[in-house]
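Analysis of the macromolecular model
The lines below spell out each chain.
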Amino acid sequence: MRLPPAIIGFTEEVLREILRFTAPADSTLSRYFRDHPRIGSRERGAIAEGVYGLLRNKSVYGSFSESGSGSPMRRLTLLGLADAVGVDSLGGLSEVEIEWLNRVMQIDRNALSPLLRSNLPQWLFDKLVARYGEDETLLMAQALNTPAPLDLRVNALKATREEIIEALAQAPILCEPTPYALLGLRVLKKPTVQNLPLFKDGSIEVQDEGSQLLAQVLGAKRGEMVVDFCAGAGGKTLALGASMRNTGRLYAFDVSEKRLSKLKPRLARSGLSNVHPVLIAHENDSKVKRLAGKIDRVLVDSPCSGLGTLRRNPDVKWRQSPESIVELNAKQISILSGAARLVKPGGRLVYATCSLLDEENEGIVTQFLSSHEDFTLLPMSEVLAEQKIQLEMQDYLKLAPHTHQTDGFFAAVLERKK
């Protein structure tokens, strides 16, 4: 069934706004759909997929759009929509446009330059090639430009993984255990899970396997005092609370009241009573200082470029720049140093990002250790063995979509000397 011709105009309108890169694509899309309530759910899906298809392939489609007729923005829009739903599903195309789309969609992309094929900005492509080499960068870029699967985390307070697999099969939703995260499930298609009773009663949460592993790496135990320092909407907080078996005390710190407010309904569903959300002004807030030297384990899922999440947020690669990374580095070292004060002797501090860049990862850890002699790096290989996670790593956790089928994540475990 063909989509109505009006879809092209709607997509072009919202794409024009998104390509200014002044706000995240998902929030711009949500606002656009709120302002246009008459657009149906099927059409919304096509518009969103068209936008994301264009953002993933912006370099290639920008090059393709230099040919053809009509305005450049319409040509970009048509390429994004054709990527999402196919040329035959688009209504309102002229014969010339149909012929042009069919022709450019058949171009052999392997004949294009490596930079174009990567669909990455030049600065990011150069950084990754310097680190990984061109061949691996292209493999990574291909994975980053492919939509992410849907991963779930089973709430161990409410069910086992096997019980959830069986219950989902009744829906029917097929899934399989994730290879590394002990409570993860990878859904084989992409159904809407928010309306499922299992979701509403807190038995499952949507969470990428890599994010689940960060919570496992912290190794929070029953009865401990734990802090999730940059809790956000609380995906890792909920995983930590469950791993503590709802005992001890788990503080969820964040500087954003809006993000913490999103944690509250999830917390209510989860059945956790050991979580204490705390709004802080900054990493040196007096609420942080009061807990100095008292905490067993601290997770710092630091604000970062988000370049490891391009499968979900392809606009991020066009919104970041070398200058914004430098600004983030200053914030990252400051937050890590602030959080470190909480850790008691013998306690653990996990620094994590969803970035692929050395300067946000190893660079920050090296800088921190050079000025904090009371902390030492625990090899990730030892931590993974301790947590029974079947992954081969050395000093750090480094996850990437082309090798682990997760978002790109980094983590380092730091221990305060006794």
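Below, the structure is looked at part by part.

About the thresholds
- Residues numbered from 1 in each chain as written.
- Predicted model: local features only at pLDDT ≥ 70, side-chain atom pairs only at ≥ 80, totals over all residues.
- Heavy atoms only, no water.
- Helix = DSSP H or I, 4+ residues; strand = E, 2+ residues; numbered from the N terminus.
- Rg over C-alpha atoms; globule rule 2.2 N^0.38 Å.
- Buried < 20%, exposed > 50% of the residue type's maximum accessible area, 1.4 Å probe, protein only.
- Areas by Shrake-Rupley, 256 points an atom, 1.4 Å probe, with all protein chains shown as cover.
- Lys, Arg positive; Asp, Glu negative; His and termini not counted.
- Charge placed at Lys NZ, Arg CZ, Asp CG, Glu CD.
- Salt bridge = Lys/Arg side-chain N within 4 Å of Asp/Glu carboxyl O.
- Axes fitted to C-alpha atoms, helices over the stretch in contact; angles between N-to-C directions.
- Parallel < 35°, antiparallel > 145°, perpendicular 65-115°, else oblique.
- Left-handed = near helix turned anticlockwise from the far one by under 90°.
- Contact = heavy atoms within 4.5 Å.
- Phe/Tyr/Trp six-rings, centres within 6.5 Å; stacked < 30°, edge-to-face > 60°.

1. Details of the overall build of the chain
- Broken down by element type, the chain carries 20 helices and twelve strands.
- Its C-alpha atoms give the chain a radius of gyration of 23 Å, near enough to 22 Å, the size a compact globule of 418 residues would have.
- If you line up the chain on its principal axes, its C-alpha atoms span 75 × 50 × 40 Å.
- Put simply, the chain has 418 residues, and 54% of those count as buried.
- Element-wise, carbon and sulfur atoms account for 51% of the exposed surface of the chain, whose accessible area totals about 18400 Å².
- Each charge sign in the chain was given a centre, from 53 positive and 50 negative side chains, and these centres are 6 Å apart.

2. Looking at the pattern of salt bridges
- For the coordinates displayed, the defined rule picks out 24 salt bridges.
- For the salt bridge of Glu-205 with Arg-269, the shortest nitrogen-to-oxygen distance reads 3.2 Å. With Glu-205 in strand β4 (residues 204-206) and Arg-269 in helix α14 (residues 257-270), this residue pair connects regions lying 64 residues apart in the sequence. Here Glu-205 matches Arg-269 in class, with each residue buried.
- The salt bridge involving Arg-312 is made with Asp-407; its shortest N-O contact spans 2.8 Å. Linking Arg-312 in the loop between β8 (295-301) and α16 (316-319) with Asp-407 in the loop between α20 (401-404) and β12 (409-416), this pair joins segments that are 95 residues apart in sequence.

3. So, the packing of helix α3 (residues 41-56) against helix α5 (residues 72-85)
- Where α3 meets α5, the axes come as close as 7 Å, and the angle between the chain directions of the two elements is 110 degrees. What the angle tells us is that α3 and α5 run roughly perpendicular. Our pair here, α3 against α5, has a crossing hand that is right-handed. Of the residues in α5, those in contact with Ala-46, Glu-49, Gly-50, Gly-53 and Leu-54 of α3 are Leu-76, Gly-80, Leu-81, Asp-83, Ala-84 and Val-85.

4. A few points about the packing of aromatic side chains
- Summed over the entire model, instances satisfying the criterion amount to seven aromatic pairs.
- The interplanar angle of 45 degrees and the centroid separation of 6.1 Å between the aromatic rings of Tyr-251 and Phe-253 together place this pair among those described as tilted.
- Assessed through its relative accessible area of 12%, Tyr-251 is described here as buried.
- An angle of 40 degrees between the planes, with centres 5.1 Å apart, marks the rings of Tyr-396 and Phe-410 as tilted. Of this pair, Tyr-396 sits in the loop between α19 (380-386) and β11 (397-399) while Phe-410 sits in strand β12, placing them 14 residues apart in sequence.

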